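# Geometric and topological summary
The chain contents come next:
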Amino acid sequence: MMLAACALIALTTIIAKGLGTGYGGPPLHPLQISAGRFIFALVGLSVALAVLRPTFHRPHIRLHVGRSFFGWAGVTLMFAAVARIPVSDATAISFLNPIFGMLLAIPLLGERVGPIRWTAAAIALVGALVLLRPGSSAFDPAALIALTAALFMGIEVILIKKLSGREAPLQILTINNSIGAIIACSAASFVWIAPSPSQWMALAAIGLVMVTAQSLFIQSMRSGDASFALPFSYSTLVFATLYDFWIFGVLPDWVSAVGGMIILSGALLLAWREVVRSRQKIPE
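Quick look at the structure, then. (Residues numbered from 1 in each chain as written. Predicted model: local features only at pLDDT ≥ 70, side-chain atom pairs only at ≥ 80, totals over all residues. Heavy atoms only, no water.)

On to the pattern of salt bridges, then. Taken as a whole and judged by the stated rule, the model has two salt bridges. A salt bridge links Asp-244 to Lys-17, with the shortest nitrogen-to-oxygen separation between them at 3.1 Å. A residue pair is termed long-range when its members are at least 10 positions apart, and Asp-244 in helix 11 (residues 236–248) and Lys-17 in helix 1 (residues 2–20) qualify at 227 residues. For the pair Asp-244 and Lys-17, a shared accessibility class is recorded, and that class is buried. (Salt bridge = Lys/Arg side-chain N within 4 Å of Asp/Glu carboxyl O. Helix = DSSP H or I, 4+ residues; strand = E, 2+ residues; numbered from the N terminus. Buried < 20%, exposed > 50% of the residue type's maximum accessible area, 1.4 Å probe, protein only.)

Below, the discussion takes up a nonpolar patch on the surface. A cluster of nonpolar residues, Val-47, Val-51 and Leu-52, forms a patch on the protein surface that exposes about 320 Å² of accessible area. Residue class for Val-47 comes out exposed when judged on its relative accessible area of 52%. (Patch = residues over 30% accessible without salt bridge, like charges linked within 9 Å, V, L, I, M, F, W, Y side chains within 5 Å. Areas by Shrake-Rupley, 256 points an atom, 1.4 Å probe, with all protein chains shown as cover.)

The next subject is the environment of Ser-178. Along the polypeptide, Ser-178 turns up in helix 8 (residues 169–188). Sequence-wise, Ser-178 and Ile-39 are 139 residues apart; in three dimensions their C-alpha atoms are separated by 8.1 Å.

Before going further, it helps to spend a moment on the packing of helix 4 (residues 87–94) against helix 11. Where helix 4 contacts helix 11, the two axes come as close as 8 Å, and the packing angle between them is 165°. Of the possible angle classes, the one that applies to helix 4 and helix 11 is roughly antiparallel. Along this stretch, helix 4 crosses helix 11, giving a crossing that reads as right-handed. Residues Val-87, Ser-88, Thr-91 and Ala-92 of helix 4 touch helix 11, and the partners they reach there are Thr-236, Leu-237, Ala-240, Thr-241 and Asp-244. Taken together, the residues of the contact of helix 4 with helix 11 break down into four nonpolar, four polar and one charged. (Axes fitted to C-alpha atoms, helices over the stretch in contact; angles between N-to-C directions. Parallel < 35°, antiparallel > 145°, perpendicular 65-115°, else oblique. Left-handed = near helix turned anticlockwise from the far one by under 90°. Contact = heavy atoms within 4.5 Å. Nonpolar A, V, L, I, M, F, W, Y, C, P; charged D, E, K, R; others polar.)

Before going further, it helps to examine the packing of aromatic side chains. Evaluated as defined, the whole model comprises six aromatic pairs. For the ring pair Phe-40 and Trp-200, a centre distance of 6.4 Å and an interplane angle of 75° mean the geometry is edge-to-face. Here the residue Phe-40 occupies a position in helix 2 (residues 30–52), and Trp-200 occupies one in helix 9 (residues 197–223), the gap between them amounting to 160 residues. Arranged with centres 5.3 Å apart and planes meeting at 80°, the rings of Phe-69 and Phe-70 form a pair that is edge-to-face. Taking relative accessible area as the criterion, Phe-70 reaches 22% and is therefore assigned partly exposed. Counting every residue linked through ring pairs, the aromatic cluster contains Phe-69, Phe-70, Trp-72 and Phe-152. (Phe/Tyr/Trp six-rings, centres within 6.5 Å; stacked < 30°, edge-to-face > 60°.)

Take the environment of Ala-257 next. If you trace the backbone, Ala-257 turns up in helix 12 (residues 254–280). For Ala-257, a relative accessible area of 38% corresponds to the partly exposed category. In the structure, Ala-257 is positioned 169 residues away from Ser-88 in sequence and 8.8 Å away in space, judged by C-alpha atoms.

Moving on to unusual backbone geometry. One non-glycine residue, Arg-53, adopts positive backbone phi at about 50°. Note on placement: Arg-53 falls in the loop between helix 2 and helix 3 (61–82). Judged by relative accessible area, Arg-53 falls into the exposed class, the value being 68%.

As a further point, take helix 2. Given a rise of 1.5 Å per residue, 23 residues ought to cover 33 Å, and the 33 Å separating the end C-alpha atoms of helix 2 matches this to within 8%. If you check which residues of helix 2 are buried, you get Pro-30, Leu-31, Gln-32, Ile-33, Ser-34, Ala-35, Gly-36, Arg-37, Phe-38, Phe-40, Ala-41 and Leu-45. (Expected span 1.5 Å × (residues − 1).)

Pasting the structure below:
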């Protein structure tokens, strides 16, 4: 289920790249693409709610609004980045979001961070510097957009942690996509152009594929040991690279490959640390 979720998440970035580069019509603005992602995800959730008829409890509105805003901002910036740089580069940079989440957990959640986790953060950040190519003629500002997206997603991780102990996953998903749709549609109204029929289909695919991926991700975490399932989430980079080559004929160059592997190494070290800590119940 985790591998399937990752394959679908990578697919949404590929569809977003196509829409942002003129697939099936004029290029769509990232704000418009993210609006489609939230609108159609909410449509898919509405069908699930009609069938399951879950009971919702009183939500923590401020946390939901914050989580939805940073989630929307992160997704929108990621869609903007993949239209400019290889999807594999943007995906690798997005793996910094658990690193940012770890760093933000220090002041926001009062968590302690030990030497192994600091080492993982340092390794991943070095990889980000390699991918950003500072001072090089190959430097692309879109990489900074992807870095900002990872930061916002890291903030979202913190808010999800706060919500996960309070509310059921389906309630969190439904409220998140509802608030996200409001934010996304409001922002997209300033740049909206009429999509072609094929672009409408692609926008619907982004939303429905993403909500399916979210459901698979949550179910994977609930069905087994989360510390076992989570490292498989980094397979997103493999799927993104394969899709980018298959559809757009783009292969990462050696700098991208090195930077991506460095970030992946740091992220996997962090994931391994969480596995050991959860099994042995040892301090940070």
